[in-house]
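Understanding the architecture of this molecule
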Amino acid sequence: MIGYVEGTSPLHRAHPYTTLAAAAALLMGAFAMTRPLEVWLLVAAALGYAAVGGVLRASARTAVLLSLPIWVVLFVLHGLLGAEPRVLAGPVALSAPGLARALVLGGRVTAIVVGFLTALAATSPHRLVEAMTADGAPFGRAFLLASTLTVLPRMRERAAQILEAQQCRGLRLGGSPFARLRALAPLALPLVLGALAEVDEQVLALDARGAASGARRTALDPPDDSAAQRVLRWTLLALVLAAYGWKFWRMRG
Amino acid sequence: MTAPLITLAGASFSYPGAARPALTDVSLDVAPGDVLAVTGPAGAGTSTLLLVATGFAPRVVGGTLTGGRDIAARRCGVVFARPWTQLTGLCSTVRDEVAFGPASLGLPRAAVFAAAARALDQLRIAHLADRDPAQLSGGELQRVVVAAALALGPDVLALDDPAAELDPEAADALYDALPGLGAAGTAVLLATPDLQRAARVATRAVAMAEGRIAAQGRPADVLDGTDVALLARAAGCPPPYPVDITALLRRIAPQSSRGGRGTSDAPPAGSGPDTGVTAP
């Protein structure tokens, strides 16, 4: 699951700035946490965020798939090859500080990925553009941000179509890693060239529809932004600042 | 005579980095109400002519334009062959998609939705207003894209092979809407390889070859490669050949054409396609 998922969860109904602010707080918070317990509490918070968005299972599964290779690399790099002292885990002697480091880094990656996937799933690009339009943001900026949210699902859909077409024309997947690598070329080239051709047409179409008119765009259906949500966003900012304050205070001590 | 909306006088255009010009020495007038069919083989420059005539080339696509071009049209709309590349990707309903253009101009909300409703009615797709554009068929989507272009109230609407991705029924529905646009005063530039349908709706035609205008004038003079024209020629009809079935019926049996499809779909007298054929 990568991309917006229709839903009626509190995160879906919230103002898009609130949904994105929570994801940004997870991202910033991840770098403020320096101990394994703190980081994994943040992972729990990220999973809570996904649960509120109604996408806990899908987010967690995709996050594990995306983070797993990183966990393995971190375990080898820090756990096996890390500094003394070592602890025995069965027949293997693992680096104690290395393991702690791997847990911190792995936890950060996991929290960020869960937060990012949940924000993608719960933020409607249409509502985000409407919110930014209502705030007077230039259309180009709103479109850029919304396009970023939709680019992954669009590319994945297109890649699946190209893959099917190439398989119909005899492309064989599987085999050795070298053969798999070689099979990437007939997928990547049409993917990139097709995307570029589409961008050309879309630029023309948007221009023809007044996107570059320079006028202040009319918001057609701006999402509600309650005082409670504004307070929540400020609170999240305060929490992030407090976490950094705590981090630097501890480092100085 | 009505002042032209677009005038090209000896215009030539080259894309950035191209060795050869895509258009050479093109002269053309487009007046309000014209439904101008632009035909030619692949690479003849039909799409480029539309982009140059409507001002998108070189302003948006880059390149070099020489010769004279005067665009008196207040606003030009453009529609391409693939409808899904022309969606904003940001709208969850057809109504919002069509309203995107007027909203971009900063019109008040009521005026935005009124313009969208008008355009949806014009294309007879008001029943799709609450649907998600991503869930529509290609034919429905293409009509949504045309409605989105019309919602801006363009003086000139350029359609580049608009039925390329459509089934015959959807293509007919789209082409059948064009004479109505012309009758309402919108000039329609239609680049298409579909001579049969173009002959049915065009009031004028341009044939292009290798970036130059090879012929322009009445559809009867320019679109003489339609199946009907070839049939009439083979049957020994004297030129100008009837280019669509309505004109052929009129030629061979004036009474029988009155109940036919072409007659029932034809625009009001005086605004319809000039097939160059008169009943005996």
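Residues numbered from 1 in each chain as written. Chains lettered and ligands numbered in written order. Predicted model: local features only at pLDDT ≥ 70, side-chain atom pairs only at ≥ 80, totals over all residues.

1. Observations regarding the overall build of chain A
For chain A, the count of helices and strands is 9 helices and 2 strands. Order of helices (α) and strands (β) in chain A, N terminus to C terminus: α-α-α-α-β-β-α-α-α-α-α. Viewed in the frame of its principal axes, chain A has a C-alpha envelope of about 65 × 60 × 30 Å. Counting only residues that meet the buried cut, chain A has 32% of its 253 residues in that class. Expressed as a percentage of contacts within chain A between residues at least 6 apart in sequence, the contacts between residues at least 24 apart total 76%. (Helix = DSSP H or I, 4+ residues; strand = E, 2+ residues; numbered from the N terminus. Buried ≥ 20, exposed ≤ 12 C-beta atoms within 10 Å, placed from the backbone. Contact = placed C-beta atoms within 7 Å.)

2. Observations concerning the interface of chain B and chain A
Quite often, the size of an interface is put as the accessible area lost when its parts meet. Across the contact, 28 residues belong to chain B and 24 residues belong to chain A. Among the elements of the structure, strand 5 (76-79), helix 3 (94-104), helix 4 (109-122) and helix 5 (138-150) of chain B are those that each provide at least two residues to the side of chain B that touches chain A. A per-element tally of the side of chain B that touches chain A places helix 3 of chain B first, with 6 residues. Residue composition of the side of chain B that touches chain A, by class: 16 nonpolar, 9 polar and 3 charged. (Nonpolar A, V, L, I, M, F, W, Y, C, P; charged D, E, K, R; others polar.)

3. Considering the sheet that holds strand 5 of chain B
Residue and element names in this part refer to chain B. The 6 strands lie next to each other as 5-6-7-3-8-9, forming an open sheet whose pairing is mixed. What marks the edges here is a single partner per strand, and that holds for strand 5 and strand 9 (212-217). Adjacent strand axes in the sheet meet at a mean angle of 15 degrees when their direction is disregarded. Summarising the sheet, strand 8 (residues 204-209) and strand 9 pair through 5 bridges and their orientation is antiparallel. Its bridge partner being in strand 9, Val206 is matched across the sheet by Gln216. Together, strand 5 and strand 6 (156-160) form the strand contacts of helix 5, whose direction differs from that of strand 5 by roughly 170 degrees. (Pairing = 2+ DSSP bridges. Axes fitted to C-alpha atoms, helices over the stretch in contact; angles between N-to-C directions.)

4. What to know about the nonpolar core
One finds Ala147, Leu189 and Leu190 of chain B to be the most contacted residues of the largest nonpolar core, which totals 141 residues. For this core, the leading source of residues is helix 5 (residues 96-122) of chain A, giving 13 residues. Look past the residues within four positions of Leu190 of chain B in its chain and what remains in contact with it is Val35, Leu36, Ala37, Val38, Leu159, Leu178, Ala198 and Ala202 of chain B. (Core = buried A, V, L, I, M, F, W, Y, C linked by C-beta atoms within 7 Å.)

5. Considerations on the sheet that holds strand 2 (residues 23-30) of chain B
Residue and element names in this part refer to chain B. Across the sheet, 3 strands lie side by side as 2-1-4; this open sheet has antiparallel pairing. The open sheet has two free edges, formed respectively by strand 2 and strand 4 (64-71), since each of these has just one partner strand. Neighbour-to-neighbour, the strand axes of the sheet open up by a mean angle of 15 degrees, direction not taken into account. As judged from the 7 bridges shared by strand 1 (residues 6-14) and strand 4, these two strands associate in the antiparallel manner.

6. Considerations on the domain arrangement of chain B
Along its sequence, chain B is organised into domain 1 (1-74 + 155-222), domain 2 (84-153) and domain 3 (224-266). Within the side of domain 1 of chain B that touches domain 2 of chain B, the residues separate by chemical class into 7 nonpolar, no polar and 2 charged. (Domains from an automatic or database assignment.)

7. Topic: the environment of Ala31 of chain B
Residue and element names in this part refer to chain B. Considering the arrangement of structural elements, one finds Ala31 in the loop between strand 2 and strand 3 (35-39). Between the C-alpha atom of Ala31 and that of Ala191, which follows or precedes it by 160 residues, the distance is 16 Å. Residues within four places of Ala31 in sequence aside, it is in contact with Thr2, Pro4, Leu5 and Ala187.

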